Amino acid sequence: MLTLNNVTSGYDATDVLHGVSITARPGELTVILGANGSGKTTLFKTISGLLPVRDGSIDYDGRSLHRARPNAIVKAGIAHCPEGRHLFGKMSVEKNLRLGSYPHRNSSRTDEIFGEVLDLFPVLKEKAKQPAGSLSGGQQQMVAIGRALMSDPSLLILDEPSMGLAPLVVEQVLASVAQINVNGIAVLLSEQNAKASLAIAHRGYVLAEGRIVLADDASQLLDNSEVQSAYLGL
């Protein structure tokens, strides 16, 4: 279980997160909702060790991540798929995927996970040898998610995986995210598509100006008309 308790974090001299407390339970899909600039990306970078915790604590499965380096956090079982994909466009799809396998590079598990990723995203099988940059936006997002899965995580952090994608492709990507969760991997998802993400989530948090302003079961957030109009833009 991932637990953040009163976490403050930010950039240079500016705090972006102010006393944030959230929990992502094993086997569940937890969604973080909020407008641009609310602090979602900062939150995920802090969990992943890319930004320091200025105050508060982060624990995963009983282990403190307070000063852990990003590579140690990956080895602890947390994989982060950042906003923007960040693929190596001239490298093949397969090579991009296998870059994510470094925690167990010398293990037979690498090929096993590679097969699981291709089963999850069948379109990548036929494109495995093609440059990642030649793929459509949705297919590139699949590669980015697959690369994160190659580290064999128990918790997958996804930052705005549907950003910039056509509505039909958004449905496909979110269906894949739901399947990843069904397969036993906990997911912490950041999404501006509130309705679609709450429909596949177990629990949700609403982040505004670096603070948690709402927390409830996803079904309760989705059905609450006041919550929808005030925070979710529905």
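Residues numbered from 1 in each chain as written. Predicted model: local features only at pLDDT ≥ 70, side-chain atom pairs only at ≥ 80, totals over all residues. Heavy atoms only, no water.

### As for the sheet that holds strand β4 (residues 55–60)
Point 1. Overall, antiparallel pairing links the four strands, which are arranged β2-β1-β4-β5 in an open sheet. With one partner strand each, in any of the chains shown, β2 (14–24) and β5 (63–64) form the two edges of the open sheet.
Point 2. Where strand β1 (residues 2–11) lies against β2, seven bridges are found, and the strand directions are antiparallel. Within the sheet, the bridge partner assigned to Val7 lies in β2 and is Val20.
Point 3. Helix α1 (residues 40–47) rests against β1, β2 and β4 of the sheet, and its axis sits at about 115° to β1. (Pairing = 2+ DSSP bridges. Helix = DSSP H or I, 4+ residues; strand = E, 2+ residues; numbered from the N terminus. Contact = heavy atoms within 4.5 Å. Axes fitted to C-alpha atoms, helices over the stretch in contact; angles between N-to-C directions.)

### Topic: the pairing of strand β3 (residues 29–33)
Point 1. Taken across its five residues, β3 has five buried, putting it largely inside the fold.
Point 2. Burial along β3 is two-sided: Leu29, Val31 and Leu33 and Thr30 and Ile32, pointing in opposite directions, are all buried.
Point 3. Summarising the sheet, β3 and strand β8 (residues 186–191) pair through five bridges and their orientation is parallel. By the bridge assignment for β8, Leu33 is matched with Glu191.
Point 4. In this sheet, strand β9 (residues 203–208) lies alongside β3 in parallel orientation, the contact comprising four bridges. Looking at the pairing, Val31 lines up with Gly204 of β9. (Buried < 20%, exposed > 50% of the residue type's maximum accessible area, 1.4 Å probe, protein only.)

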